[in-house]
Amino acid sequence: MLSIDLQIENGVARVTLNRPETFNSFNREMALLLQKTLDDCADNNEIRAIVLTGNGKAFCAGQDLNEVTSPELNPGFRKILEEHYNPIVERIRSIEKPIIAAVNGVAAGAGANIALACDVVVAVENASFIQAFSKIGLIPDSAGTFFLPRLIGFQKASALMMLGDNVSATAAQQLGMLHQVFPVETFEEEVTKLALKLAKMPTKALGLTKRLLNQSMTNNLEQQLALESDLQIEAAESEDYSEGVHAFIEKRKPEFKGK
């Protein structure tokens, strides 16, 4: 059984972390396979949207501690960060396609922070988010110290990271960590509906929007306005823009192709 499962249907790639016996915690094999899978999704023009989720009761419990405590298997923390988690986060942010984190259960440590790096985060009502690092004497990684303060504010992020509190899906939504919470009974249906909606949108423009959001983290106002001008021109030259305008004038539903 592969530690990453990939299913492609109707323009949506469903990428599933598939080590349910360890609550989908990362070992080296799964981290490297996730990177390859994301690369494949980026290169596949038939894929218009990506869903990242977990198999079983958890989304991802973070690092597999059995690996880091094994003299034979432990790759060391520098390799774990520089070859496992950092490249995963970089891929999530650089792929110019919408990526949904469908948090189906507990998201702890690196698992929580990888989810927060995605474009749209949704969760089942019984999911939870835990900055678990302080509980074992570590610091937050996987870009948690970058994204979480920007999502919920410096003070609240500091408290969650230091105290390691368990945050319910509902509380996470109220804090601004995620977009929407769905009931257990309809979670899969709602995730599919959301992914299909994104896949049918002008994904060329969505990718450019993602690039703008990434740059807004470091740009000043003048730089951001200049980039908006450049990318708006690029968007206006796309087939999707032409289709969108003609569909509006003709009072019909547009058929976007992501081009």
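Residues numbered from 1 in each chain as written. Predicted model: local features only at pLDDT ≥ 70, side-chain atom pairs only at ≥ 80, totals over all residues. Heavy atoms only, no water.

1. A few points about the packing of aromatic side chains
The tally for this structure, following the rule as stated, stands at two aromatic pairs. When the ring of phenylalanine 26 is compared with that of tyrosine 85, the centres are 5.5 Å apart and the planes differ by 85°; the resulting orientation is edge-to-face. Remark: tyrosine 85 occurs in helix H3 (residues 77-94) and phenylalanine 26 occurs in the loop between strand E2 (12-17) and helix H1 (28-43); sequence separation between them is 59 residues. Ring plane angle 85° and centroid distance 5.1 Å describe the contact between phenylalanine 146 and phenylalanine 147, whose orientation is recorded as edge-to-face. Positioned over the ring face of phenylalanine 146 is arginine 150, at 3.8 Å from the centre of the ring. (Phe/Tyr/Trp six-rings, centres within 6.5 Å; stacked < 30°, edge-to-face > 60°. Helix = DSSP H or I, 4+ residues; strand = E, 2+ residues; numbered from the N terminus. Lys NZ or Arg CZ within 6 Å of the ring centre and 35° of its normal.)

2. With respect to the packing of helix H5 (residues 144-152) against helix H6 (residues 154-163)
Contact geometry of H5 with H6 gives a least axis separation of 7 Å together with a crossing angle of 130°. Accordingly, the angle class assigned to the pair H5 and H6 is oblique. The hand of the H5/H6 crossing is right-handed. Every residue of H6 that contacts H5 at Gly144, Thr145, Leu148, Pro149 and Ile152 is listed here: Phe154, Lys156, Ala157, Leu160 and Met161. (Axes fitted to C-alpha atoms, helices over the stretch in contact; angles between N-to-C directions. Parallel < 35°, antiparallel > 145°, perpendicular 65-115°, else oblique. Left-handed = near helix turned anticlockwise from the far one by under 90°. Contact = heavy atoms within 4.5 Å.)

3. Focus on empty space enclosed by the protein
Counted by the stated rule, this structure contains one cavity of 30 Å³ or more. In this structure, the largest cavity occupies an estimated 50 Å³ of space. Together, Ala112, Phe129, Ile130, Gln131, Leu148, Leu160, Asp165, Val167 and Met177 line the largest cavity. Split by residue class, the lining of the largest cavity holds seven nonpolar, one polar and one charged. (1 Å grid on protein atoms, 1.4 Å probe; cavity = no way out; pocket = protein on both sides within 12 Å on 5 of 7 lines; lining within 4 Å. Points joined across faces, edges and corners; volume = space filled by probe spheres on them. Nonpolar A, V, L, I, M, F, W, Y, C, P; charged D, E, K, R; others polar.)

4. Some remarks on the sheet that holds strand E5 (residues 99-103)
One open sheet accounts for six strands, arranged E1-E2-E3-E5-E7-E10; its pairing is mixed. Of all the strands in the sheet, just strand E1 (4-9) and strand E10 (180-182) have a single pairing partner and so form its edges. Put simply, the sheet's adjacent strands are angled 20° from each other on average, direction ignored. Relative to E5, strand E3 (residues 49-54) runs parallel, the two sharing four bridges. Counted as the bridge partner of threonine 53 is alanine 102 from E5. (Pairing = 2+ DSSP bridges.)

5. What to know about the pairing of E2
Of all the six residues making up E2, five are buried; the element is thus mostly covered by neighbouring parts of the structure. Taken together, the six bridges between E1 and E2 define a ladder with antiparallel strand orientation. Bridge pairing in E2 links glutamine 7 to arginine 14. Between E1 and the antiparallel strand that follows it, E2, lie two residues; asparagine 10 among them carries a positive phi value of about 55°. For E2 and E3, the ladder comprises six bridges, and the chain directions are parallel. The residue bridging valine 15 from the neighbouring strand is leucine 52, located in E3. (Buried < 20%, exposed > 50% of the residue type's maximum accessible area, 1.4 Å probe, protein only.)

6. Considerations on the layout of surface pockets
One water molecule sets the probe size; rolling that probe over the atoms shows where empty space is left. Its boundaries defined by the atoms lining it, the largest pocket holds a volume of some 480 Å³. Looking at the largest pocket, it is lined by 24 residues, and the ones nearest its centre are Arg93, Cys118, Asp119, Val120 and Leu213. At the level of secondary structure, the elements contributing two or more residues to the lining of the largest pocket comprise strand E7 (120-124), H5 and helix H9 (203-216). The leading source of residues in the lining of the largest pocket is H9, at five residues. Its residues assigned to classes, the lining of the largest pocket comprises 15 nonpolar, four polar and five charged. Together, 18 residues line the second largest pocket, and Gln63, Leu65, Phe133, Ile136 and Leu138 are the ones closest to its centre. For the lining of the second largest pocket, the secondary structure elements donating two or more residues are helix H2 (65-68) and H3.

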